Amino acid sequence: MSNKDISCFDSVTPQGNRHLKLEEGARLIMSMALGHLPSCDCPLSEALGRVLSKDITAPFNVPQNVNAAMDGFALKGDELGAQSEWDVQGQSLAGRAFDGLLQPGCAVKITTGAPMPLGADTVVMQEMCELRGTRVVIADSVAVRPGSNVRQAGEDIAVDSLVLQRGQRLGPIEIGMLASLGLHQASVYKPLKVAVFSTGDEVCAPGEELHPSGIYDTNRYTLFSVLKGLECEVEDLGILPDDKASIEQALQQAAQRNRLVLTSGGVSVGEADFVKQALSSLGNTSFWQLAIRPGRPIAFGDLGLNQDGELCLFAGLPGNPVAVMVTFCLLLQPLIRKLQGETEWVGLTWQARATEPMKSRTGRSDFHRGIFTITEGGELEVRTTGHQGSGILTSMHEANCLIRIEEDRDRIEAGDRVRIYPFSRWLPGYPLV
Ligand SMILES: Nc1nc2c(c(=O)[nH]1)N[C@H]1C(S)=C(S)[C@@H](COP(=O)(O)OP(=O)(O)OC[C@H]3O[C@@H](n4cnc5c(N)ncnc54)[C@H](O)[C@@H]3O)O[C@H]1N2
Ligand code: MOO
């Protein structure tokens, strides 16, 4: 199949056109995410959300020493039950270890995290101990299990083990793990460069006066924000008029400096919809239109090579603000994560029981904005947020998931099972932690 203006369609529209299915579009998009970004060192304090470009192997055990899990007294476990009093030989504090050898019949006062004295293998919690002068009395010593309240060296991370793999996106936990290995920086991929435009003569920048038939620019702000959340280097290129020459010139320039260019608006069949025309004259159209709602008129392709010799990919998202977010989440998010070198991410979907009927049309996948809840019996239920127009951005705000109505259904009845794509923060399938 040639890459130039491919016509590869699946479902039939009322006009007799055939549209590519969502999964087929997603497959084509992902097949274009080739190559990888260069690496750089990044201080841990700035590494949140970045993707590791090298495996991390543990240079030592974490924890480094066998240590106490409780405040109390360290002693030899096999003496428990046989005696009820021990001489206190010294103390081991976190950061100031006891450096002698524990003698038979003796105990060492110890704090949580302090290294175990040589010869000790058990810690008895302070609450079970009574200090009488230089002796400690443990009345119920039979109740203490030998070996208890001790943390083994390397029980969190063993020396030489593979701790994190290249392609891992760094969250707070992973950054904490790197810090526990004494690393103050990590080798990560350089940020993905993405340019964002809005298009449309009616679109006005917030902060400026709204002209009588105008609408404020929502899409550049939602896109800019999700891209920032994914740690992209975003070039905000403002609003383009409905003028073919201006759109072509702006896209050509943006393509030079970026790996991905996103626009919103101008991809439908209206007189002023010049974006997809610009795509076919500047580069290659991989597909235009998918059998989904919202988001059907999406155009995807490339704008040729950028100044670094990489193919600059292009997505012309539809103008309706919900269509922008839904297509971003379902199609662009996986692409961006792959381009960034992330390997482990998979979009999360669950099955839920619909609590109300929902309408659709066969031959396309509908994505309704939904609110899922968990019943007392632990079952997932889902309802819509109400009116589902693709200009109603508040429906995304009220929702905590997308509800998918598959291509072969024209209706969902209350009680039917549906697939939902849970949001975490603003992205469906974004890891929940
Ligand atoms: N005859 C047809 N009309 C339409 C079709 C169709 O197949 N045949 N598809 C509809 C669908 S579905 C969508 S989605 C839209 C997408 O059209 P465009 O991508 O060309 O978008 P525009 O016409 O430029 O804008 C649509 C809508 O969104 C508003 N908009 C645009 N940009 C912004 C922005 N940055 N911030 C906020 N709102 C924006 C714009 O004012 C329009 O209301 O086409 C349908 N029509
Ligand atoms: O795809 Mo459009 O987004 O239905 O409004």
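Parameters at a glance
- Residues numbered from 1 in each chain as written.
- Chains lettered and ligands numbered in written order.
- Predicted model: local features only at pLDDT ≥ 70, side-chain atom pairs only at ≥ 80, totals over all residues.
- Helix = DSSP H or I, 4+ residues; strand = E, 2+ residues; numbered from the N terminus.
- Rg over C-alpha atoms; globule rule 2.2 N^0.38 Å.
- Contact = placed C-beta atoms within 7 Å.
- Near = placed C-beta within 6 Å.
- Nonpolar A, V, L, I, M, F, W, Y, C, P; charged D, E, K, R; others polar.
- Buried ≥ 20, exposed ≤ 12 C-beta atoms within 10 Å, placed from the backbone.
- Pairing = 2+ DSSP bridges.
- Arc of directions from axis to C-beta.
- Domains from an automatic or database assignment.
- Axes fitted to C-alpha atoms, helices over the stretch in contact; angles between N-to-C directions.
- Core = buried A, V, L, I, M, F, W, Y, C linked by C-beta atoms within 7 Å.

## Describing the overall build of the chain
Part 1 of the argument: What the chain contains, in helices and strands, is seven helices and 31 strands.
Part 2 of the argument: Taken over C-alpha atoms, the radius of gyration comes to 30 Å for the chain, far larger than the 22 Å a tight globule of 433 residues would show.
Part 3 of the argument: Pairs at least 24 residues apart make up 69% of the contacts formed inside the chain by residues separated by at least 6 positions.

## Some words on the site of ligand 2
Part 1 of the argument: The full set of residues close to ligand 2 is Arg293, Pro294, Gly295, Arg296, Pro318, Asn320, Ala323 and Ser390.
Part 2 of the argument: Tallied by class, residues from the shell around ligand 2 come to three nonpolar, three polar and two charged.

## A short note on the site of ligand 1
Part 1 of the argument: In the vicinity of ligand 1 lie 27 residues, with Asn219, Gly265, Ser268, Pro318 and Gly319 positioned nearest.
Part 2 of the argument: Among the secondary structure elements, those contributing two or more residues to the shell around ligand 1 are α3 (219–229) and α6 (321–339).
Part 3 of the argument: Looking at side-chain class alone, the shell around ligand 1 contains nine nonpolar, 13 polar and five charged residues.

## Describing the pairing of strand β19 (residues 260–264)
Part 1 of the argument: Burial analysis of β19 places five of its five residues in the buried class, the great majority of the element.
Part 2 of the argument: Side chains Leu260, Leu262 and Ser264 of β19 all project onto a buried face; the interleaved residues Val261 and Thr263 project onto the opposite face, where all are buried too.
Part 3 of the argument: Strand direction decides the pairing type here: strand β15 (residues 193–199) and β19, joined by five bridges, are parallel. By the bridge assignment, Ser198 is partnered in β19 with Ser264.

## Some remarks on helix α5 (residues 275–282)
Part 1 of the argument: Within α5, burial applies to Val275, Lys276, Ala278 and Leu279. Looking straight down α5, one finds that the buried residues subtend no more than 155 degrees of arc, so they occupy a single side.

## Notes on the pairing of strand β28 (residues 401–405)
Part 1 of the argument: Of all five residues that make up β28, five are buried, and the element is covered over most of its length.
Part 2 of the argument: Side chains of β28 alternate between two faces, with Cys401, Ile403 and Ile405 and Leu402 and Arg404 buried alike.
Part 3 of the argument: One ladder, built from five bridges, connects strand β26 (residues 365–374) with β28; its direction is antiparallel. Following the sheet pairing, Gly370 is matched in β28 by Cys401.
Part 4 of the argument: Relative to strand β30 (residues 417–424), β28 is paired through four bridges, and the arrangement is antiparallel. By the bridge assignment, Ile403 is partnered in β30 with Ile420.

## Observations regarding the domain arrangement of the chain
Part 1 of the argument: Split into domains, the chain comes out as domain 1 (11–37 + 191–339), domain 2 (41–61 + 156–188), domain 3 (67–151) and domain 4 (350–428).
Part 2 of the argument: Domain 3 and domain 4 are separated by 58 Å when their C-alpha centres are compared.

## What about the sheet that holds strand β23 (residues 311–317)?
Part 1 of the argument: Strand order in this open sheet of six strands is β18-β15-β19-β23-β22-β20, and the pairing throughout is mixed. The outermost strands of the open sheet, each flanked by one partner alone, are β18 (233–240) and β20 (284–288). Going across the sheet, the axis of each strand differs from the next one's by a mean of 20 degrees, ignoring polarity.
Part 2 of the argument: Pairing between β15 and β18: six bridges, direction parallel. Looking at the pairing, Val194 lines up with Val234 of β18.
Part 3 of the argument: Its contacts with the sheet place helix α4 (residues 244–257) against β15, β18, β19, β22 (299–305) and β23, and it is angled at close to 175 degrees to β18.
Part 4 of the argument: Together, β19 and β23 form the strand contacts of α6, whose direction differs from that of β23 by roughly 165 degrees.

## Considering the nonpolar core
Part 1 of the argument: In terms of nonpolar packing, the biggest core is built from 72 residues, with Val194, Val196 and Val261 touching the most fellow members.
Part 2 of the argument: Of the residues forming this core, the biggest block, 13 residues, is contributed by α6.
Part 3 of the argument: Formed jointly, this core draws a minimum of three residues from each of two domains, domain 1 (11–37 + 191–339) and domain 4 (350–428).
Part 4 of the argument: Residues within four places of Val194 in sequence aside, it is in contact with Leu227, Cys232, Val234, Asn258, Arg259, Leu260 and Leu262.
Part 5 of the argument: Core analysis: the next-biggest nonpolar cluster, separate from the first, contains 22 residues, Phe98, Cys106, Val108 and Val123 among them.

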